[in-house]
Amino acid sequence: MRDGEGTGRPSPVAEGPVAMAGPAGPGGAGAEPLLEVTGLEVAYGAVQVIWGISFQVQRGQVVALIGSNGAGKTTTLKALAGVQPARGGRIRLGGEDITSLPAHTRVG
């Protein structure tokens, strides 16, 4: 693992998952994002496994979360769904902060 700029943490760019998005659909650039993740951090007990992931998804975009085995793709999705609690950061869906909502209330 590479050190994330002398912080003693793994570099999120080198080690973590990456969100890749296609062009925005209706609403496009400048519209409020459908999903906005800012500085997401996730841990299993005392072991932090996700370090500061941030990305936005506009309505109509197709997004792929890519990374190597063990990079944190599934953990990121579990945190977005509310199955694994976020240790830090924010998850906003349709402008509403859902970071601390339980999984069963995130389903519309």
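For the structure, check the block above.
Here the structure is a predicted model, which is why all the values come from computation and not from measurement.

Chemist: Is there a simple way to explain the pattern of salt bridges in this structure?
Modeler: Counted under the stated rule, the structure contains 1 salt bridge. A salt bridge links Asp-97 to Arg-90, with the shortest nitrogen-to-oxygen separation between them at 3.2 Å. Judged by relative accessible area, Arg-90 falls into the partly exposed class, the value being 45%.

Chemist: Explain the pairing of strand 5 (residues 86–93) here, please?
Modeler: Looking along a regular strand, one sees the side chains alternate between the two faces of the sheet. Two elements, strand 2 (residues 35–44) and strand 5, share 6 bridges in a ladder whose sense is antiparallel. Looking across to strand 5, one finds that Glu-36 is bridged to Arg-92. Both strand 5 and strand 6 (residues 96–97) contribute to a ladder of 2 bridges, which runs antiparallel. Within strand 6, the position partnered with Leu-93 by the bridge is Glu-96. Between strand 5 and the antiparallel strand that follows it, strand 6, lie 2 residues; Gly-94 among them carries a positive phi value of about 60°.

Chemist: Just checking my understanding: could you explain the environment of Val-57 for this structure?
Modeler: Structurally, Val-57 can be placed in strand 3 (residues 47–57). Of the residues examined, Val-57 reaches a relative accessible area of 11% and is grouped as buried. For the pair Val-57 and Pro-33, spaced 24 residues apart in sequence, the C-alpha separation works out to 5.7 Å. Contact partners of Val-57, with chain neighbours within four places excluded, come to Pro-33, Leu-34, Leu-35 and Val-63.

Chemist: Help me understand helix 2 (residues 73–81), please; the structure alone is not making it clear to me.
Modeler: The α-helix winds at 3.6 residues per turn, so residues separated by three or four positions along the chain end up facing the same way. All buried positions along helix 2 are accounted for by Thr-75, Thr-76, Ala-79 and Leu-80. Projection of helix 2 onto a plane perpendicular to its axis shows the buried side chains occupying an angular sector of 140°, all on one side. Looking at the packing, one finds that the buried side of helix 2 touches strand 2, strand 3, strand 4 (63–66), strand 5 and helix 3 (103–106). Gly-82 occupies a position one or two residues after helix 2 and carries a positive phi of about 90°.

What counts and what doesn't
Residues numbered from 1 in each chain as written. Predicted model: local features only at pLDDT ≥ 70, side-chain atom pairs only at ≥ 80, totals over all residues. Heavy atoms only, no water. Salt bridge = Lys/Arg side-chain N within 4 Å of Asp/Glu carboxyl O. Buried < 20%, exposed > 50% of the residue type's maximum accessible area, 1.4 Å probe, protein only. Pairing = 2+ DSSP bridges. Helix = DSSP H or I, 4+ residues; strand = E, 2+ residues; numbered from the N terminus. Contact = heavy atoms within 4.5 Å. Arc of directions from axis to C-beta.

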